[in-house]
Amino acid sequence: MTKKSGKLCEACGGQNTKIHLTTYPVKMGEKQINVGRVSARECMDCYAIKPTKAGQEKIERCMMTFMSLLDDDNFGSV
Ligand SMILES: [Zn+2]
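Residues numbered from 1 in each chain as written. Predicted model: local features only at pLDDT ≥ 70, side-chain atom pairs only at ≥ 80, totals over all residues.

### What about the overall build of the protein?
In terms of regular secondary structure, the protein is built from 1 helix and 3 strands. Each helix and strand of the protein, ordered N terminal to C terminal, gives the series β-β-β-α. Among the 78 residues that make up the protein, the fraction classed as buried is 13%. (Helix = DSSP H or I, 4+ residues; strand = E, 2+ residues; numbered from the N terminus. Buried ≥ 20, exposed ≤ 12 C-beta atoms within 10 Å, placed from the backbone.)

Okay, here's the thing in structure tokens:
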């Protein structure tokens with residue numbers, strides 16, 4: 001853990017990971033939002049998925065959009 005390596009799977013430590021776009025479910029309280037086309041690193045060994053930095057930013061943007069929808073009382077068909 002001393003080396004700077006973002007390529008290892010955090011779940012199993014495997015090196016067999018791959019970045020691709022995926023639908024990533026985010027929990028917000030009792031609701032779950034599926035954020036589409038998130039850049040995430042998937043482990044080929046244990047199938048753990050972790051968003052990349054870009055993916056994390058996209059998730060945050062989507063959550064902000066989602067919250068503003070709630071604020072406007074506009075929440076209907078998502
Ligand atoms: Zn893994």
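The structure having been displayed, the exposition proceeds.
### A closer look at the sheet that holds strand E3 (residues 49-51)
Here 3 strands make up an open sheet; going across it, the order is E1-E2-E3 and the pairing antiparallel. In this open sheet, the two strands that pair with only one neighbour each are strand E1 (17-28) and E3. Adjacent strand axes in the sheet meet at a mean angle of 50° when their direction is disregarded. Where strand E2 (residues 31-43) lies against E3, 3 bridges are found, and the strand directions are antiparallel. For Ala 40, the partnering residue across the bridge sits in E3 and is Pro 51. Strands E1, E2 and E3 of the sheet are contacted by helix H1 (residues 53-71), whose axis makes an angle of about 170° with E2. (Pairing = 2+ DSSP bridges. Axes fitted to C-alpha atoms, helices over the stretch in contact; angles between N-to-C directions. Contact = placed C-beta atoms within 7 Å.)

### Looking at the environment of Arg 37
With respect to the helices and strands, the residue Arg 37 is situated in strand E2. Taking the number of C-beta atoms within 10 Å as the measure of exposure, Arg 37 has 12 and is therefore exposed. Remark: the alpha-carbon pair of Arg 37 and Leu 21, spanning 16 residues in sequence, is separated by 4.8 Å.

### What about unusual backbone geometry?
With a phi close to 50°, Arg 37 is a non-glycine residue in the positive phi region. Positive phi outside glycine occurs at Tyr 47, with the angle close to 65°. Inspection of the secondary structure assignment puts Tyr 47 in the loop between E2 and E3.

### Describing the pairing of E1
Counting buried residues along E1, only 1 of its 12 residues qualify, which leaves the element largely exposed. As paired elements, E1 and E2 share 11 bridges and run antiparallel to each other. Pairing of Lys 27 across the sheet is with Gln 32, part of E2. In this antiparallel pair of consecutive strands, E1 and E2, the connection spans 2 residues, and Gly 29 shows a positive phi of 65°.

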